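Listed here are the chains, written in short residue letters.
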Amino acid sequence: MKPFMQQSLRVAAVTATALGLSTVAMAKEQMRIVGSSTVYPFSSYVAEELGATTDYRTPVVESTGSGGGFKLFCAGVGDTTPDITNASRRMKPSELKLCSDNGVTDITENVVGYDGIVFAQSKQDDAIDLTREQVTLAVAAKVPVDGKLVDNPYTKWSEIDASLPDREILIYGPPTSSGTRDAFEELVMEHGSENIDGYGEAYTTIRQDGKYVPSGENDNLIVQKLAQNKDAFGIFGYSYLEENRDKIQGAKIDGVTPERALISSGEYPVSRSLFFYTKNAHLDKVGGMSDYVDMFLSDQMVSDRGYLKRLGLIPLPADRLKAERSEWESKAKLGASDLES
């Protein structure tokens, strides 16, 4: 090979290497956040505010579902993995172990507010009051009949209870990757099945015959379907009801209306906490991470006077919010014992 060709190849190799390093550096300058579709609108608002008021690039926020977010977050440390994951349920011990197995060992957990799971319908429908037992019988794969569990035969609500409307059962709900689905199974189906003679124990298997339709991680699509179909119900977080009251209404559950104060007090029976998890190994390598978390936990965002309340977030009490900030400031490390409490 001629000397000038060798020199050209060396220059090209150095240039390619430099470009590669530049690409890595650029990737580290933009945060990536994944997780819950319920937390998504709140996280996105904070991300947009960070991009608009600082020199940091607006973080990328993806709605992957809580379970999907944990899988991505726990895949490892480095440029190709998310920096923060949102969740509408707490991390499971098995997910913390997955993180640990992949070298994600320094995680801080924060609660940012409360949410209620809403069982919603078109605003054109008559108001309805459902028990958790009735909802369980509508969505369960098997139901007790004459002392035996059989494939769910119910096609109309009136077949479950004569007091309910003669209306086709059609429920648009979260997929298996969603924390909303996990919470629905725990707060509605476990409770309902334990109070229905014939189950004997908690039952959470959802029917797959077309009466329950998994509808992805975009809850706005469910809202659109409810507006178009008066037979349908939808399952999603309270914020989507708050934003679309001109189109939809929430059913009462066990006689309680899904309202902000009743969710915050715990009186509404399908209430839960909302979380996000920070990968602390990325804090010094990804521009804006600390500023983003500081902003998310600020009075401006999550207090009783904060912007996110307008989007449907149920704020934490002041003393609880103060405790969450302390957890973040000390970079409290999440451990297996924490998830047992």
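Here, every reference points to the structure presented above.
Residues numbered from 1 in each chain as written. Predicted model: local features only at pLDDT ≥ 70, side-chain atom pairs only at ≥ 80, totals over all residues. Heavy atoms only, no water.

Quick word on the packing of helix α2 (residues 40-53) against helix α11 (residues 289-296)
Okay, step 1: Contact geometry for α2 and α11: axes closest at 10 Å, N-to-C directions at 120°. As the angle between them shows, α2 and α11 are arranged oblique. α2 and α11 meet at a crossing whose hand is right-handed. Between α2 and α11, the contacting residues are F42, S43, V46, A47, E49, L50 and T53 on the first element and D291, Y292, M295 and F296 on the second. (Axes fitted to C-alpha atoms, helices over the stretch in contact; angles between N-to-C directions. Helix = DSSP H or I, 4+ residues; strand = E, 2+ residues; numbered from the N terminus. Parallel < 35°, antiparallel > 145°, perpendicular 65-115°, else oblique. Left-handed = near helix turned anticlockwise from the far one by under 90°. Contact = heavy atoms within 4.5 Å.)

A closer look at the nonpolar core
Okay, step 1: By size, the foremost hydrophobic cluster in this structure holds 92 residues, and its most contacted members are M91, F119, L130, W157, I171 and Y292.
Okay, step 2: Apart from residues no more than four positions distant in its own chain, M91 is found in contact with F70, C74, L96, C99, I107, Y277, L334 and L339. (Core = buried A, V, L, I, M, F, W, Y, C linked by side-chain atoms within 4.5 Å. Buried < 20%, exposed > 50% of the residue type's maximum accessible area, 1.4 Å probe, protein only.)

A closer look at the pairing of strand β10 (residues 233-237)
Okay, step 1: Most of β10 sits inside the fold, with five of its five residues counted as buried.
Okay, step 2: With four bridges joining them, strand β4 (residues 107-122) and β10 adopt antiparallel strand pairing. Bridged to A120 within β10 is G234.
Okay, step 3: Relative to β10, strand β8 (residues 171-173) runs parallel, the two being bridged by two bridges. Its bridge partner being in β10, I171 is matched across the sheet by F233. (Pairing = 2+ DSSP bridges.)

A closer look at the side chain of T278
Okay, step 1: Mapped onto the fold, T278 is located in strand β13 (residues 271-279).
Okay, step 2: If sequence neighbours within four positions are ignored, T278 has contacts with F73, D83, I84, D106, I107, T108, L283, M289, V293 and W328.

Some words on the state of the cysteines
Okay, step 1: Applying the stated rule across the entire model yields one disulfide.
Okay, step 2: For C74, the disulfide goes to C99, at an S-S distance of 2.0 Å. Disulfide C74-C99: torsion about the S-S bond near -70°, hence left-handed. With C74 in the loop between α3 (66-73) and β3 (84-87) and C99 in helix α4 (residues 93-101), this pair connects stretches of sequence that are 25 residues apart.
Okay, step 3: Classification of C74 by relative accessible area gives buried; the value is 0%.
Okay, step 4: The class for C99 is buried, based on a relative accessible area of 0%. (Disulfide = S-S within 2.5 Å.)

Here we look at the pairing of strand β6 (residues 142-145)
Okay, step 1: Taken together, the four bridges between β6 and strand β7 (residues 148-151) define a ladder with antiparallel strand orientation. Among the inter-strand pairings, P144 is bridged to a residue of β7, identified as L149.
Okay, step 2: Hairpin connection from β6 to β7: two residues lie between these consecutive antiparallel strands, with D146 at a positive phi of about 55°.

Examining unusual backbone geometry
Okay, step 1: Positive phi, normally seen in glycine, also occurs at D146, with a value near 55°.
Okay, step 2: Note on placement: D146 falls in the loop between β6 and β7.
Okay, step 3: Judged by its relative accessible area of 77%, D146 is exposed.
Okay, step 4: One non-glycine residue, D254, adopts positive backbone phi at about 50°.
Okay, step 5: Here D254 is to be found in the loop between β12 (252-253) and α10 (260-265).

By themselves these figures say nothing about function.
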